[in-house]
Amino acid sequence: MKRFFVTTPIYYLNGAPHLGHYYSTTIADILARYHRKNGAGAFFLTGTDEHGQKVAEKASLVGLSPQAFTDELSTEWKSTWQNLDISYDHFIRTTDDYHTAFAQEVIHRLRENGAIYEKEYDALYCVGSESFVSKSELREGGLCPDHDEEPQIVNEKNWFFKLTDYKDQVRRLIETDVLEIKPQSRKNEVLEMLRSPDIQDFSVTRERVTWGIPVPFDENQTIYVWIDALFNYMSALIHSQGIETSERDIQDIIKDITDIWAPDVQILGKDIVKFHAIYWPAFLLALGLNETQLPKKLLVHGFFVSGGRKMSKSLGNIVTPQSVSAEYDQIIGASRGNDVLRYYVVIEMMIGNDGDVTPERIQEVYQSDLVNKIGNTYQRVLGMARKYDLLTTRMAPEKQEKLAQAIQHKSQAYMNQQDLYGYVHYCLDLTGEIGRGIELVKPWELAKNGQDDELKYHLSKWLTALEIIADLWEPIMPASAIEMKSLLAGNQGMLFPRIS
RNA sequence: CGCGGGAUGGAGCAGUUUGGUAGCUCGUCGGGCUCAUAACCCGAAGGUCCCAGGUUCAAGUCCUGGUCCCGCAACCA
């Protein structure tokens, strides 16, 4: 059976992780955890994108070599994810030796397959920003949008990728959902792009970018960062599985990784749709993969704003995952604060739309959902179980099994669509059903009237249900799911304490 | 006509792909309960689904035109 392969973008190393990165990574983490528990296993890949002129500039600003700079930052990223209990299976750095070697092999093979060609062209180059600008970006008077100076025309010879040879095929794959793009609006957007004349052959090597992977057959050039970046999804997998690639046909290599390749779901933000939906499949086809070996689904999400405004340092409305997590660690009194944020981002942001995040909203959701609904329901049932000495009672195994299957069947339908919002609401509904059941049954009256058998019957049902629900919560709130089970096993404690 | 996102009861949001009684959370009001974290349950009020046309037996949902907000300036997913 093939393992579920989920990826996040690799994050560009020009700063510390923020909420947006956290969101992508957490969605991937939830999917991975779910499939490890309920499916044929998972392979969860994340990492850092370390090449490019911007990184080199930033490094020199702080007086470090690019390598030393990225060593430091990528370590920080890695430890951030580890502290937030992100269960990645592999963390790739694009400066890793195996990756640079693979990227070189990729461009070499693209050349052998006739997918790239040399071309001389005139480009506009702004000295002030040390970057190329396109004509459409120019301000009135032909000035660089950032520097108010006139860009110079430079002549460069680069290697160009024959995107025009593949765009029709890619469009058909997207139209027929062989390559699925979610949500629908993003799919439409990509199809629109593919019809536009702007989608042309483009340069995949650079002369002026020195902090990059050298083109093996052209010593003046480095590989365009997007070839470098996108192929992380493949190089990381190949490396992690210990597969040898040199002197081997691409189909032959694929054979060795079919238990994981191709990606089932690739998480990405709306700003990098074009690269993942158009360039990436085109590159893979050019490399010699067939249509069934392409990524299955791109899940495109929106951005977070805070209080309706874009988060910015000057507005002082930045919400960082580390601070929220630490704040709720204090409140809960265990290292489960991160679960609160995990829950929040899932419930707040429909995948695809922008989401709003403020400390007030997080607190509101914590109080109403986690404290009043979930925490309180566990407390109610456990309180009665203790009082009536029925803590260890459960439904008969075969009945338990039946109930679990019915619940898993429904929850699975949501998860297979990556509908985390629907999944969480289903979990909440189940919890609410128990609450309403208690009102209906009135166990306290049963106890008063000495109807012990009936009391035991209902409590066994609720306790069993809570155990099954704890399993459902595990991908969303891993640490809290463990606490739920510990409480059900008879340990004392409070799941989600109220904020006083 | 640069590109994209949005407009649904007081607030925040689902629902629009595949048209068919307008739904959720919070808030408000009334009632109930006591197993529980002043939690929980029941009920009620509150909506021209931005506007104007159109298609249809039927439109929040499809079509046409318009209005108003918000991103595209790197702390960018």
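About the cut-offs
- Residues numbered from 1 in each chain as written.
- Chains lettered and ligands numbered in written order.
- Predicted model: local features only at pLDDT ≥ 70, side-chain atom pairs only at ≥ 80, totals over all residues.
- Heavy atoms only, no water.
- Pairing = 2+ DSSP bridges.
- Helix = DSSP H or I, 4+ residues; strand = E, 2+ residues; numbered from the N terminus.
- Contact = heavy atoms within 4.5 Å.
- Phe/Tyr/Trp six-rings, centres within 6.5 Å; stacked < 30°, edge-to-face > 60°.
- Buried < 20%, exposed > 50% of the residue type's maximum accessible area, 1.4 Å probe, protein only.
- Lys NZ or Arg CZ within 6 Å of the ring centre and 35° of its normal.
- Domains from an automatic or database assignment.
- Buried area = accessible area lost by both parts, 1.4 Å probe.
- Salt bridge = Lys/Arg side-chain N within 4 Å of Asp/Glu carboxyl O.
- Polar contact = N/O pair within 3.5 Å; in protein donor to acceptor, adjacent residues only side chain to side chain.
- Axes fitted to C-alpha atoms, helices over the stretch in contact; angles between N-to-C directions.
- pLDDT = per-residue confidence, 0-100.
- Patch = residues over 30% accessible without salt bridge, like charges linked within 9 Å, V, L, I, M, F, W, Y side chains within 5 Å.
- Areas by Shrake-Rupley, 256 points an atom, 1.4 Å probe, with all protein chains shown as cover.
- Core = buried A, V, L, I, M, F, W, Y, C linked by side-chain atoms within 4.5 Å.

K.L.:
Give me the sheet that holds strand S9 (residues 205-206): which residues, what numbers.
P.N.:
Pairing is antiparallel across the open sheet formed by 3 strands, whose spatial order is S9-S11-S10. Strands at the two margins of the open sheet, each flanked by one partner only, are S9 and strand S10 (214-215). The pairing of S9 with strand S11 (residues 218-223) spans 2 bridges and is classified as antiparallel. Following the sheet pairing, Arg206 is matched in S11 by Thr222.

K.L.:
Tell me about the side chain of His35, residues and numbers included.
P.N.:
With respect to the element layout, His35 can be found in helix H1 (residues 19-38). Contact partners of His35, with chain neighbours within four places excluded, come to Phe4, Ala40, Gly41 and Ala42.

K.L.:
Any chance you could break down the packing of aromatic side chains for me, citing the residues and the numbers?
P.N.:
Tallied over the entire structure, the rule returns 27 aromatic pairs. Measuring from centroid to centroid gives 4.7 Å for Phe161 and Phe283, while their planes differ by 65°, and the two rings are edge-to-face. Of this pair, Phe161 sits in strand S6 (residues 152-161) while Phe283 sits in helix H10 (residues 273-287), and the two are 122 residues apart along the sequence. Grouping residues by exposure puts Phe161 and Phe283 together as buried. If you follow Lys119 out to its NZ or CZ, it ends over the ring of Phe160, 4.6 Å from the centre.

K.L.:
Please provide a residue-by-residue account of the domain arrangement of chain A, values included.
P.N.:
Taken domain by domain, chain A holds domain 1 (4-302) and domain 2 (357-488). For domain 1 and domain 2, the distance between their C-alpha centroids amounts to 43 Å. Contacts between domain 1 and domain 2 engage 10 residues on the former and 15 residues on the latter. Carbon and sulfur atoms supply 66% of the area buried between domain 1 and domain 2, which totals about 1200 Å² over both sides. Three residues stand out in domain 1 for area buried against domain 2, namely Ile30, Tyr34 and Lys37, and they jointly supply 47% of the buried area on that side. Where domain 1 meets domain 2, there are 2 salt bridges. A salt bridge links Asp471 to Lys37, with the shortest nitrogen-to-oxygen separation between them at 3.3 Å. Our enumeration of links across domain 1 and domain 2 arrives at 3 residue pairs in polar contact (both at pLDDT 80 or more).

K.L.:
Now, about the sheet that holds strand S1 (residues 4-12): what can you tell me, with residues and values included?
P.N.:
With parallel pairing, the 6 strands of this open sheet are ordered in space as S3-S2-S1-S12-S13-S7. At either margin of the open sheet sits one strand with a lone partner, and together these are strand S3 (90-93) and strand S7 (180-182). With direction set aside, neighbouring strand axes in the sheet form an average angle of 20°. Bridge analysis of S7 against strand S13 (residues 297-301) gives 3 bridges, and the strand direction is parallel. Residue pairing for S13: Glu180 is matched across the bridge by Lys297. The sheet contacts of helix H6 (residues 184-195) involve S7 and S13, and relative to S7 the element is tilted by about 120°. Packed on one face of the sheet, H10 meets S7, strand S12 (265-269) and S13 and runs near 140° to S12.

K.L.:
Would you mind going over the pattern of salt bridges in detail, with residue names and values included?
P.N.:
Applying the stated criterion across every chain yields a total of 24 salt bridges. Its salt-bridge partner being Lys2, residue Asp264 comes within 2.6 Å of it at the nearest N-O pair. Of this pair, Asp264 sits in the loop between helix H9 (250-255) and S12 while Lys2 sits in the segment before S1, placing them 262 residues apart in sequence. The closest approach of N and O atoms between Asp369 and Lys373, which form a salt bridge, is 3.5 Å. Of this pair, Asp369 and Lys373 are both found in helix H13 (residues 359-387), 4 residues apart, which corresponds to roughly one turn of the helix. For Lys373, a relative accessible area of 40% translates into the label partly exposed. Among the charged side chains, a network of salt bridges with common partners joins Asp29, Arg33, Asp85 and Arg342.

K.L.:
I'd like a rundown of the confidence of the model for chain A, residues and numbers included.
P.N.:
Per-residue confidence for chain A gives a mean pLDDT of 88; residues scoring 70 or more make up 91%. Considering each helix and strand of chain A separately, the mean pLDDT is smallest for strand S5 (residues 131-133), with a value of 59, and largest for helix H18 (residues 478-488), with 97. In the predicted complex, the global pTM is 0.93; the interface-specific ipTM is 0.86.

K.L.:
Provide a residue-level description of a nonpolar patch on the surface, including the pertinent values.
P.N.:
On the surface, a nonpolar cluster with roughly 300 Å² of combined accessible area is contributed by Leu61, Val62 and Leu64. Position of Leu64 among the secondary structure elements: in the loop between helix H2 (53-61) and helix H3 (66-83). Here Leu64 falls in the partly exposed class, since its relative accessible area comes to 30%.

K.L.:
For the nonpolar core, give the residues involved together with the corresponding values.
P.N.:
One finds Ile374, Tyr378 and Trp473 to be the most contacted residues of the largest nonpolar core, which totals 87 residues. Both domains that furnish three or more residues to this core are identified here as domain 1 (4-302) and domain 2 (357-488). Residues in contact with Trp473, not counting those within four places in the same chain, are Tyr343, Ile374, Val424, Cys427, Leu428, Pro478, Ala481 and Met484. Ranked by size, the runner-up nonpolar core spans 69 residues in total, among them Ala103, Val170, Tyr224 and Trp261.

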